[in-house]
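Listed below, chain by chain, are the residues.
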Amino acid sequence: MPQDSVFGTAAAHAESPTGPVSQGNAPAAELGASFERPALAHLQLSTKARVWGDASGSALEPSQSRTWSPQDRATFRSKFGHRCMFCGLESQALEIHNRNQNHGDMRPENLGPADPLCHRWQHLGELGKGNALLVYLPDLSPRDASHLLRTTLVGLLSDLPAMRAGARKVLNWMASHQSYVAEAWGSSDPAAFAAALARAVSEDRDRQDLALSNLALVIHPDSLRSEVAHWRKELDGRHREASWADLHHRVTNAPT
Ligand SMILES: [Zn+2]
Ligand SMILES: [Zn+2]
């Protein structure tokens, strides 16, 4: 399946060009400004950084030391165009992530907006027992996996029985791929992977990133209730055309 084509539509919403029309032959200097967007960050599974020098080797960096006022948060999010740094989702409900995984490092350049799904990819050690699974989905880019799961979770709340049934099928299909992970690694529990990542020294970390590159995160719908309800409102108009039977067919019959 060609990546970035099937599920990217939710986020890859082209903005209509509203820049000024050029005068005469010379294009206006501002022309194209509407299309300027920062490149997306690579989405990969990760966990909080260890506290450097901690004797137990298991202490993780504490969470944000700075207290964010609602005003601070609003300013920060609008600076990034309300767009997830990993998958490009446009949303008014993005969280703030510390890029280097050190949550005590509050330098502005270390902060980026992430939607609740992509953000969870970065916090494998804090998801809570039973709330998430790691699945083997080599044919989906991490970005597509994030968009697919989000679309599916929203579909579960649909008023239409056929859409709910289709969403359940896709969710079950995604979750069933945890068996490959459990077989190969002995567990599909994100916390087990987080513990291994936190222990790894930096050279191992590169190897582990490679090994994790075909894995995706599936979150239990119950642990994202308020987020999903919010996405439902935001995504409503964009998913009305979706055909779940077609989506399920395309996902499960993707050519390899
Ligand atoms: Zn995202
Ligand atoms: Zn974070």
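Residues numbered from 1 in each chain as written. Chains lettered and ligands numbered in written order. Predicted model: local features only at pLDDT ≥ 70, side-chain atom pairs only at ≥ 80, totals over all residues.

(A) Structural view of the overall build of the chain. Of regular secondary structure, the chain possesses nine helices and four strands. Walking the chain from its N terminus toward its C terminus, one meets helices and strands in the order α-β-β-α-β-α-α-α-α-α-β-α-α. Within the chain, the fraction of its 256 residues that count as buried is 30%. (Helix = DSSP H or I, 4+ residues; strand = E, 2+ residues; numbered from the N terminus. Buried ≥ 20, exposed ≤ 12 C-beta atoms within 10 Å, placed from the backbone.)

(B) View of the confidence of the model for the chain. Overall, the prediction assigns the chain a mean pLDDT of 78, with 70% of residues at 70 or greater. Counting interchain partners and residues more than four positions distant, the pLDDT-below-50 stretch residues 1-22 has 46 contacts. (pLDDT = per-residue confidence, 0-100. Contact = placed C-beta atoms within 7 Å.)

(C) Fine view of the nonpolar core. Grouped together as the largest cluster of nonpolar side chains are 44 residues, with contacts concentrated most on Cys84, Cys118, Val135, Leu149, Ala216, Leu217 and Val218. At the level of elements, helix 2 (116-121), strand 3 (132-136), helix 3 (142-155), helix 4 (161-176), helix 6 (190-199), strand 4 (215-219) and helix 8 (225-239) are the ones that each hand at least two residues to this core. In this structure, Val218 is in contact with Ala132, Leu133, Val135, Leu149, Met174 and Ala175, ignoring residues within four places of it in sequence. (Core = buried A, V, L, I, M, F, W, Y, C linked by C-beta atoms within 7 Å.)

(D) Here's a closer look at helix 6. Regarding helix 6, the residues found buried are Pro190, Phe193, Ala194 and Leu197. The arc that holds every buried residue of helix 6, seen down its axis, measures 105°, which confines them to one face. (Arc of directions from axis to C-beta.)

(E) Broad picture of unusual backbone geometry. Although it is not a glycine, His82 adopts a positive phi angle of roughly 50°. Here His82 is to be found in the loop between helix 1 (70-79) and strand 1 (95-98).

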